[in-house]
Amino acid sequence: MHSSPARNESTDSSLLLEFGFSNTWARRFDELSSSFHEHLEPARVVFESREHYRVVTATGEREARLAGRLRRGEDLPAVGDWVAAEVPADGICRLQAVVPRQTRLSRKVAGDQTREQVVAANIDTVFLVMGLDGDYNLRRLERFAVMAEESGADPVVVLTKSDLHADAAGARIDAQTSAPALPIYTVSSLLDEGLEPLRAFLAAGRTVAMIGSSGAGKSTLLNRLNGAEVMRTGAVREGDDRGRHTTTHRQLVRLSGGGLLVDNPGVREIQLWAEETALAAAFDDIESFASGCRFNDCRHLDEPGCRVLEAVRSGELEAGRLDNWREMEKELQHLERRRDVAAMRRQDKQTGRLYKRIQAEKRNRFR
Ligand SMILES: Nc1nc2c(ncn2[C@@H]2O[C@H](COP(=O)(O)OP(=O)(O)OP(=O)(O)O)[C@@H](O)[C@H]2O)c(=O)[nH]1
Ligand SMILES: [Mg+2]
Ligand SMILES: [Zn+2]
């Protein structure tokens, strides 16, 4: 494989390093870009809004658009992605390809379509952000935990607004039953309390993405961790503490301390895009109870000798948590069927195209 001098220049760029570039990414970029005729440079997507992108290149932040071949594809670049870009001396960059991802935080697109939406790519840690005000909802936290488990990054729970809760420590203990295996931090951005331990996830070049409802305090947390305001924040509604969707675009911000933090618009309802293994990981307590059931194929409904139901009776497992697990299990099974159907349709289309091509070739041959 050839190695172009321009690429080496890029690899040495301190700006790219600050945004998380490494030898591994350089190698992957090299592999990808060597199949192109155009001269391409590595860049990281830091902003995305419909088809408008901003990327960081070796020489600075630039505006970017998708090249035609990317626009026609199904897998669009997401914030956090490393891309191979045409970078003109000035003007708009053209993104030609996405470097294969290390991790990806995904959801199913809203509505009926069976499609993945990548919320953030190549992140090391996911902050599951939830307010200790009216936003506090353990069932939603469990759902976020499944989404985060699927990502390949490490999930961390961040309970914000501790100053608004009379018993923040108690709320944290309750949250632990919904995320038994995850670290949980309680913070107040208002009082600047509890933020220090979060900085450990934001060392130079490390990437963290935040998910949570609108109004949970994500952007406020980002500003606090940064030490100066970069994101706009907005008051929540009186009565239900819901936010007003102040953040409208995904954005990767390099904090003054060197870490990279992806802020996202708030989401209230997420539909999962995950495998059952992610569900099992987020609910490993239920998995381990289930291994004690008398029947191997126990559905934990009314079977005799069901260890899971016994755990609910004895108070070891919350009924609401079991119900939530059931609901998500159904949702994931449904998703899997829909994904199979969607894959078959794609296959049919391809077969159809192939068939047409063969027919056309035959016609040409016998003409
Ligand atoms: N009392 C208190 N208020 C907070 C804290 N953190 C955030 N807030 C307030 O909560 C409201 C919502 O904060 P944002 O940071 O805009 O919330 P967000 O999660 O970014 O919301 P979206 O951008 O809509 O998704 C603002 O009025 C903040 O001042 C906190 O620790 N304590
Ligand atoms: Mg925000
Ligand atoms: Zn059982």
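Residues numbered from 1 in each chain as written. Chains lettered and ligands numbered in written order. Predicted model: local features only at pLDDT ≥ 70, side-chain atom pairs only at ≥ 80, totals over all residues.

A few words now on the domain arrangement of the chain. Each assigned domain of the chain is listed with its residue range as follows: domain 1 (5-98) and domain 2 (104-263). When each unit is reduced to the centre of its C-alpha atoms, the spacing between domain 1 and domain 2 is 27 Å. Across the contact, 13 residues belong to domain 1 and 15 residues belong to domain 2. Counting only elements with at least two residues in the side of domain 1 that touches domain 2, the list comes to helix 2 (14-18) and strand 1 (41-49). (Domains from an automatic or database assignment. Contact = placed C-beta atoms within 7 Å. Helix = DSSP H or I, 4+ residues; strand = E, 2+ residues; numbered from the N terminus.)

Before going further, it helps to examine the pairing of strand 4 (residues 82-86). Burial analysis of strand 4 places four of its five residues in the buried class, the great majority of the element. Two strands pair when backbone bridges link them, and strand 1 and strand 4 are joined in this way by four bridges, in the antiparallel orientation. Each bridged residue has a counterpart across the sheet, and for Arg-44 the counterpart in strand 4 is Trp-82. Two elements, strand 4 and strand 5 (residues 93-98), share four bridges in a ladder whose sense is antiparallel. The residue of strand 5 that forms the bridge with Val-83 is Val-98. What sits between the antiparallel neighbours strand 4 and strand 5 is a turn of six residues, in which Gly-91 has the positive phi angle 95 degrees. (Buried ≥ 20, exposed ≤ 12 C-beta atoms within 10 Å, placed from the backbone. Pairing = 2+ DSSP bridges.)

Burial runs high along helix 7 (residues 218-226): seven of the nine residues are buried. Looking at the buried side of helix 7, the elements it contacts are strand 8 (125-131), strand 9 (154-160), strand 11 (207-211), strand 12 (250-254) and strand 13 (260-263). A positive phi of about 90 degrees marks Gly-227, the residue just after helix 7.

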